[in-house]
Structures are given as structure tokens and as C-alpha cells.
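Coordinate analysis (summary)
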Amino acid sequence: MIWPIAAGLMAGAFWALTFIAPGLVAPFGPIDLTVARYAVFGLSSGVVLIFLGRDQWLPTLWRHWLVILGLALTGNTIYYLCLSEALLRSGTLLPTMIIGTLPVVMALLGGVRNGTFSLRRFVLPAWLILGGILSHILPATWAEASEPVVATSPAGLVLALVALASWAFYGVRNAEFLAHEKQTNIVAWTALTGIATLVTLVPVAALLPGGQLSLWHGSIGGAGPLLLWGTALGLLSSWAATWLWNIASRSLPAEVLGYLIVSETVFAILYAFVLEQRLPTTAEIVSVVLLIGGVSLGIRAASNASRLSARGSGPAARAP
């Protein structure tokens, strides 16, 4: 179980790069970066499939193409485009707080669908994680209270909730599929997801208002940082992170996977310290401690429950 947990944590470390990259690609926005990132994810996935034997991925494509499209939409295209739009329409606070509940929501859904959910076991880790997220978000909000804020719009709220539901569905459904389809090649599954993401990205991005996407207007001046970070995120935050997450998803219950998502937030905080060349504040230290504590307790409790459930359903538990 150590390697799958390590793989999930490493996926979070790569995902966390998406928190710092949008501020480094000006004058391009987060939607431009999303398009560049997934273009790289899709094209690199095509290269991987060329080098893989067709027997490694073609049967999977024929049998599960609808599942692949659905997971690409919910885990990548819909999630990131809805989140980017929510941030533009409602500012940072509301979407960040809604998405911040993702680890708790996924742990809850995973436990319920796995039949091992226990409210007593769930409450303490969930409160620690939510407390850690609020400890990180609220001080920054209070510090910026004197600055002009973006009015919260109903559309922004709905988009943030759609993004939350979209990735929670992806996380649970992808884990269930990989746990059931043991013969599926993880590398091939990652590459097929990348291809499907590219296929779904074009029509979905085309539905966005034209002003949201600078690349639609040929605005490529100063695109060096966009290309650099689009490539980095495509290869690391998309390809490598998806591959690592698939490794974790095959071996771990969805409830444990939910807790592992918190690593994305923790690494994002650590990257911010490096980027800003400063030490953490007291609130940030409290936030990290609460997050790590919640994750540790949640994983331990969920793992123990899974072992007991497996033991209870094994041959030794059957009545003679």
C-alpha cells in the first residue's frame, strides 16, 4: 500500500503546479493555459500510443471508448474550464472554498459507494481538512478586504459546483473502473485519457466567449511563458500526474484517494513559499499541520476499515 499512496502524493505534487502557473503566463489567462496544457497532454499521449503495441490499447479503446470520453470530460475538460470561468466570474474566494471541499466530498462518496462509510470515522479527518483549508484561505481574504473585489455571480457559484461534482465523479468512477479492470494497461489508459481530453477540449473551449481566449484572436505575442508552462503542465500536471493517480486508483479505495487529494493543496502552499522567497506565517503553519493531520487520520481509519471489510467477506468469515 505504500507505493500507491506515494504515487497519489506525487500526483498531488504535480497537480499543485497548476496553482502557481497562471500567474506566470501574463498577458495570457488561465483558459489559454488550460488549452495549451491539454493540447500537450493529448499530443504527447498520441506519441505514447505510437510506441505502445496496438494490442496494449486498441481493445481497451473499442470496449470502453464511452467511459474514456466521460472521464476525460469530467476529470479534465469540464472541471478546469468550469473552474477557470468560475474564478473569472466570482473572484478567487468562493470557487476556492467550494473546490477545497473536494477531498472531503470524494472521501464521503468513496466510503458510501464502497459500503465502508462510518460517520464517526469520517468526522474528525473531515473537520481537520476543512479547518486547514479555511486557515489558508481566510487570512488572505481578510488582508485583501480593502481592495476591490469581484462580485459573486450566481453563474460563478453554479460553475464552481459543477467543477466540484465533475471531478468527484471522475475520481470515484476512474478508481472503480481500474479496480475492476485489472488487465487494463495503466500507461495505455493514461494515454487514451489524454487523447480523449484533446478531442473534447476543442468543442468545449469553442463554446466559451471569444474574449476569454486570447489564442482565438491570434494574440501570440509574448507567448514564450505560455508555451513553457503549457508544456510543463501538459507533461507533468497532466501526463505524469494522471499516470501516478491511475496507479493509486487501481490499488486504493476511493475514500483513501479523497484524502490524498489534499496533497495538492499542501504542495501548492510549499511552492508559494519558494516562489515568494519567504517563510510561512503562523496561519499557514496551522493550515499545513491541520491538513496533514486530517489526511493521516483519514487514511489510517479508511485503510483499517477496508482491511476489516475484506477480512469479514473472506472465506474465513463464512458460516460453516
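Residues numbered from 1 in each chain as written. Predicted model: local features only at pLDDT ≥ 70, side-chain atom pairs only at ≥ 80, totals over all residues. Heavy atoms only, no water.

Across its full length, the chain carries 13 helices and zero strands. If you list the helices and strands of the chain from N to C, you get α-α-α-α-α-α-α-α-α-α-α-α-α. Taking all 320 residues of the chain together, the buried fraction comes to 49%. Taking the intrachain contacts of the chain between residues at least 6 apart in sequence as the baseline, contacts between residues at least 24 apart amount to 88%. For the chain, the accessible surface area stands at approximately 15,300 Å², while carbon and sulfur atoms represent 72% of it. (Helix = DSSP H or I, 4+ residues; strand = E, 2+ residues; numbered from the N terminus. Buried < 20%, exposed > 50% of the residue type's maximum accessible area, 1.4 Å probe, protein only. Contact = heavy atoms within 4.5 Å. Areas by Shrake-Rupley, 256 points an atom, 1.4 Å probe, with all protein chains shown as cover.)

Our next topic: a nonpolar patch on the surface. A cluster of nonpolar residues, Val47, Ile50 and Phe51, forms a patch on the protein surface that exposes about 380 Å² of accessible area. Summarising the element assignment, Val47 is placed in helix 3 (residues 30-51). (Patch = residues over 30% accessible without salt bridge, like charges linked within 9 Å, V, L, I, M, F, W, Y side chains within 5 Å. Salt bridge = Lys/Arg side-chain N within 4 Å of Asp/Glu carboxyl O.)

A few words now on the pattern of salt bridges. Within the structure shown, the criterion is met by five salt bridges. Measuring nitrogen to oxygen at the nearest pair gives 3.6 Å for the salt bridge that ties Glu181 to Arg63. You can see Glu181 sitting in the loop between helix 8 (154-180) and helix 9 (186-206) and its partner Arg63 sitting in helix 4 (residues 54-90), a full 118 residues away along the chain. Overall, Glu181 belongs to the buried group, its relative accessible area being 9%. Looking at Arg63, the relative accessible area reads 53%, which means it is exposed. A salt bridge links Arg278 to Glu276, with the nearest nitrogen and oxygen atoms 2.5 Å apart.

Counting 71 residues, the largest nonpolar core has Trp167, Trp245, Leu257, Tyr259 and Leu260 as the members making the most contacts within it. By residue number, the principal contributor to this core is helix 8, which donates 11 residues. Setting aside chain neighbours within four positions, we find Leu257 in contact with Met106, Ala175, Trp245, Ala248, Ser249 and Leu252. (Core = buried A, V, L, I, M, F, W, Y, C linked by side-chain atoms within 4.5 Å.)

With that out of the way, let us pick up the environment of Tyr80. Position of Tyr80 relative to the elements: it lies in helix 4. A relative accessible area of 11% places Tyr80 in the buried class. Along the chain, Tyr80 and Ala160 lie 80 residues apart, while their C-alpha atoms are 9.9 Å from each other. Among residues more than four places away in sequence, those in contact with Tyr80 are Thr34, Arg37, Tyr38 and Gly75.

For any pair of aromatic rings, geometry is given as the distance between the ring centres together with the angle between the planes. Using the criterion set out here, one finds nine aromatic pairs in the structure. Considering the side-chain rings of Trp15 and Trp167, the 5.6 Å spacing of their centres and the 85 degrees angle between planes classify their relative orientation as edge-to-face. Separated by 152 residues along the polypeptide, Trp15 in helix 1 (residues 2-15) and Trp167 in helix 8 bring together distant segments of the chain. With respect to class, Trp15 is no different from Trp167; both count as buried. When the ring centre of Tyr80 is taken as origin, the NZ or CZ atom of Arg37, which lies over that ring, is 4.4 Å away. (Phe/Tyr/Trp six-rings, centres within 6.5 Å; stacked < 30°, edge-to-face > 60°. Lys NZ or Arg CZ within 6 Å of the ring centre and 35° of its normal.)

On to unusual backbone geometry. At Gln277, a residue that is not glycine, the phi angle is positive and equals roughly 55 degrees. Secondary-structure assignment places Gln277 in the loop between helix 12 (262-276) and helix 13 (282-312).

With that settled, consider the packing of helix 8 against helix 10 (residues 224-251). Two elements in contact, helix 8 and helix 10, have axes separated by 8 Å at closest approach and are oriented at 60 degrees. By the angle between their axes, helix 8 is oblique relative to helix 10. Viewed along their axes, helix 8 and helix 10 form a crossing whose handedness is right-handed. Residues Trp167, Tyr170, Asn174, Ala175, Leu178 and Ala179 of helix 8 pack against Thr242, Trp245, Asn246, Ser249 and Arg250 of helix 10. In terms of residue class, the contact of helix 8 with helix 10 is made up of six nonpolar, four polar and one charged. (Axes fitted to C-alpha atoms, helices over the stretch in contact; angles between N-to-C directions. Parallel < 35°, antiparallel > 145°, perpendicular 65-115°, else oblique. Left-handed = near helix turned anticlockwise from the far one by under 90°. Nonpolar A, V, L, I, M, F, W, Y, C, P; charged D, E, K, R; others polar.)

Here the focus is the side chain of Thr34. Summarising the element assignment, Thr34 is placed in helix 3. Note on Thr34: relative accessible area 7%, which makes it buried. Setting aside residues up to four positions removed in sequence, Thr34 forms contacts with Tyr80, Leu81, Ser84 and Leu201.

Looking now at the confidence of the model for the chain. When pLDDT is averaged along the chain, the result is 84; 85% of the residues meet or exceed 70. Under a pLDDT of 50 for its full length, residues 315-320 has, in the predicted model, two contacts with residues more than four places off or in other chains. (pLDDT = per-residue confidence, 0-100.)

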